[in-house]
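# Commentary on secondary and tertiary structure
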Amino acid sequence: MTMWEALAVFAAGGAAGAINVVVGSGTLITFPVLLATGLPPVTANVSNTLGLVPGSLSGAIGYRRELAGQGRRIRRFGAAALAGGLIGAALLLLLPSDAFDAIVPVLIAVALVLVVVQPRLAAALRARRARKGTTARTDGGALLLTGILFASMYGGYFGAAQGVIYLSLMGLLLSEELQRLNAVKNVLSLLVNGVAALFFLFAAPIDWLAVVLIATGSALGGLIGARIGRRLRPAVLRGVIVAVGIAAITQLLLD
């Protein structure tokens, strides 16, 4: 790796760390850059996953205020995220990528539609519950837990726009502020990246220079992203989510 390639990987890690904290999809920046340096796809994907762990950690710390009072929710969702992340990491090494590559743009598109219509759907669900005299479940029920498990499997496998999928699922099935859901999303992403990274340490080829460069950049970017993301109004944050998701779909379809 030349000096200029190393600088590009470091910069990509910083941008990915910031974007992952605000929305998700930072992998769409780092992964192509790693491929451009000549790394094989699997090595690039594995090295990218390890490198983004510090960024996920710094982002979760940056959102610690919004995590207050969500301990039970995080423990419940975190168990599903850990299981899904481990399964996804194993699938990366065991299965051909064609099936996942075909469905990823569809998953992201569905998630974006849910993000856009979530306020109206949530209002309709609240009105329906009011008519029936029932209240929303604070944990989202089995449906949300299953959705987080599958989203985490995808995250362990590749991870592009994983955060968009998390936010769309939680926004639809939980009565909670978007910033607080974003805080939970950051913790779930940390758990998925972390468990996948541990798996890859013992089972996959790794480029340690790429890992160090992305890790350093993503840790700084995660702190910056947390400062920016926490100040965004829900409508603006929703717009950023949609913009990043559309960019993700476009890039995946063009590759």
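Note that this is a predicted model, so its numbers are computed, not measured.

### Quick word on the overall build of the protein chain
In terms of regular secondary structure, the protein chain is built from ten helices and zero strands. Listing every helix and strand of the protein chain by position from the N terminus yields α-α-α-α-α-α-α-α-α-α. Here the protein chain holds 255 residues, and 53% of them are scored as buried. For the protein chain, restricting intrachain contacts to residue pairs at least 6 apart in sequence, the fraction spanning at least 24 positions comes to 83%.

### Overview of the pattern of salt bridges
By the definition in use, this model includes two salt bridges. The partner of E176 in a salt bridge is R180, and the shortest N-O contact between them spans 3.0 Å. Beyond isolated ion pairs, a larger network of salt bridges with shared partners links R73, E176 and R180.

### Section: the nonpolar core
Formed by 52 residues in total, the largest nonpolar core has its most connected members in F77, Y166, M170 and F200. Taken together, the elements giving at least two residues each to this core come down to α1 (3-22), α2 (27-36), α3 (41-62), α4 (71-94), α6 (141-157), α7 (162-173), α8 (178-203) and α9 (208-229). The greatest single-element share of this core, amounting to eleven residues, is contributed by α8. Leaving out residues up to four positions away in the same chain, F200 has contacts with V46, T49, L50, A89, L92, L93, G156 and I206.

### Some details on α9
For an α-helix the count is 3.6 residues per turn, leaving residues at separations of three or four pointing the same way. Its 22 residues give α9 an end-to-end C-alpha distance of 30 Å, which sits within 8% of 32 Å, the value for a rise of 1.5 Å per residue. Next to the buried residues of α9 lie α1, α2, α3 and α8. The distance from a side-chain oxygen at the start of α9 to the backbone nitrogen of L209 is 3.3 Å, and the residue carrying that oxygen is D207.

### Here we look at the side chain of T37
Following the sequence through the fold, T37 ends up in the loop between α2 and α3. Only 2.6 Å separates the side chain of T37 from the backbone oxygen of L34, close enough to count as a polar contact.

### Observations regarding the environment of L93
Its location among the elements puts L93 in helix α4. Separated by 110 residues in the primary sequence, L93 and A203 place their C-alpha atoms 8.3 Å from one another. What L93 contacts, discounting residues up to four positions off in sequence, is V42, F199, F200, A203 and A204.

### Things to note about the packing of α4 against α6
Between α4 and α6, whose axes approach to 6 Å, the crossing angle comes to 35°. Our pair here, α4 against α6, has a crossing hand that is right-handed. Across from R76, F77, A80, A81, A83, G84, G85, I87, G88, A89, L91 and L92 in α4, the residues of α6 making contact are G141, A142, L144, L145, I148, L149, S152, M153, G156 and Y157. Looking at the contact of α4 with α6 residue by residue, the classes come out as 15 nonpolar, six polar and one charged.

### Side note on the packing of aromatic side chains
Enumeration over the complete set of coordinates arrives at one aromatic pair. Aromatic side chains F199 and F200 sit 6.1 Å apart centroid to centroid with 70° between the ring planes, which places their arrangement in the edge-to-face category. A residue is classified by how much of its surface remains accessible, and F199, at 26% relative accessible area, is partly exposed. Here F200 falls in the buried class, since its relative accessible area comes to 0%.

### Brief notes about a nonpolar patch on the surface
Together, V42, L93, L94 and L95 line one region of the surface with nonpolar side chains, adding up to about 340 Å² of accessible area. Structurally, the position occupied by V42 is in helix α3.

### Some points on the confidence of the model for the protein chain
Per-residue confidence for the protein chain averages 81 on the pLDDT scale, and 82% of its residues sit at or above 70. At the low end of the mean pLDDT range in the protein chain sits helix α5 (residues 98-132), at 67; at the high end sits α4, at 91.

Cut-offs applied
- Residues numbered from 1 in each chain as written.
- Predicted model: local features only at pLDDT ≥ 70, side-chain atom pairs only at ≥ 80, totals over all residues.
- Heavy atoms only, no water.
- Helix = DSSP H or I, 4+ residues; strand = E, 2+ residues; numbered from the N terminus.
- Buried < 20%, exposed > 50% of the residue type's maximum accessible area, 1.4 Å probe, protein only.
- Contact = heavy atoms within 4.5 Å.
- Salt bridge = Lys/Arg side-chain N within 4 Å of Asp/Glu carboxyl O.
- Core = buried A, V, L, I, M, F, W, Y, C linked by side-chain atoms within 4.5 Å.
- Expected span 1.5 Å × (residues − 1).
- Polar contact = N/O pair within 3.5 Å; in protein donor to acceptor, adjacent residues only side chain to side chain.
- Axes fitted to C-alpha atoms, helices over the stretch in contact; angles between N-to-C directions.
- Left-handed = near helix turned anticlockwise from the far one by under 90°.
- Nonpolar A, V, L, I, M, F, W, Y, C, P; charged D, E, K, R; others polar.
- Phe/Tyr/Trp six-rings, centres within 6.5 Å; stacked < 30°, edge-to-face > 60°.
- Patch = residues over 30% accessible without salt bridge, like charges linked within 9 Å, V, L, I, M, F, W, Y side chains within 5 Å.
- Areas by Shrake-Rupley, 256 points an atom, 1.4 Å probe, with all protein chains shown as cover.
- pLDDT = per-residue confidence, 0-100.

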